[in-house]
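# Chains, contacts and geometry: an overview
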Amino acid sequence: MHAWLSSPILMVLSFPLLYAVLLLVVHGVVEFAPRYIREHRVSYRPIQTRVADLLLIIRLVFRRG
């Protein structure tokens, strides 16, 4: 683990792999989340409420700091 952190070559070579994994995750969420919501009749309202609550908590944490 320490060798990976100290070697710039490994960090540069691992960047495209991490980028590809991130793209796959984003593509999967964008592609399959609406289909999952339609099939299981999940409304967007609870999801929006949870996101709004999370953003409010984050805002309050940064305001206190």
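For every chain, the first residue of its written sequence is number 1, and the numbers climb from 1 along that sequence. In keeping with the model being predicted, local features are shown solely for residues with a pLDDT of at least 70 and side-chain atom pairs are shown and tallied solely at 80 or more, while totals for entire chains, interfaces and linings include all residues. Side-chain metrics rest on all non-hydrogen atoms present in the structure, leaving aside hydrogens and water.

## As for the overall build of the chain
Under the DSSP-based scheme used, a helix requires at least four consecutive residues in state H or I and a strand at least two consecutive residues in state E, with every element numbered from the N terminus. For the chain, the count of helices and strands is three helices and zero strands. Ordering the α and β elements of the chain from the N terminus gives α-α-α. Think of it in three bands: with a 1.4 Å probe and only protein chains considered, a residue is buried below 20% of the maximum accessible area for its type, exposed above 50%, and partly exposed in between. Counting only residues that meet the buried cut, the chain has 5% of its 65 residues in that class. Only the protein chains shown count as cover for residues, with accessible areas throughout obtained via the Shrake-Rupley method and a probe of 1.4 Å. Total accessible area on the chain is roughly 6400 Å²; 73% of this is exposed by carbon and sulfur atoms.

## Some points on the packing of aromatic side chains
Any two aromatic rings considered together are summarised by their centre-to-centre distance and by the angle between their planes. Centre distance within 6.5 Å is the pairing criterion for rings of Phe, Tyr and Trp, where only the six-membered ring of Trp is used; planes under 30 degrees apart are then read as stacked, over 60 as edge-to-face, and the remainder as tilted. Evaluation of the coordinates by the stated rule reveals one aromatic pair. An angle of 25 degrees between the planes, with centres 6.2 Å apart, marks the rings of F15 and Y19 as stacked. Residue F15 and its partner Y19 are both found in helix α2 (residues 8–39); the two are separated by four residues, about one turn of the helix.

## Here we look at a nonpolar patch on the surface
Patches here are clusters of residues that have more than 30% relative accessible area and form no salt bridge, with a 9 Å joining cutoff for like charges and a 5 Å cutoff for nonpolar side chains (Val, Leu, Ile, Met, Phe, Trp, Tyr). Each reported salt bridge corresponds to a side-chain nitrogen of Lys or Arg within 4 Å of a carboxyl oxygen of Asp or Glu. Taken together, the side chains of I47, V51, L54, L55, I58 and F62 present a nonpolar region at the surface, about 580 Å² in accessible area. In this fold, F62 is placed in helix α3 (residues 44–64). F62 sits in the exposed class, given a relative accessible area of 66%.

## A few points about the confidence of the model for the chain
Confidence of the prediction at every residue is given by pLDDT, a number between 0 and 100. Mean pLDDT over the chain: 76, with 77% of residues reaching 70 or higher. When mean pLDDT is taken per element in the chain, α3 scores highest with 80 and helix α1 (residues 2–6) scores lowest with 58.

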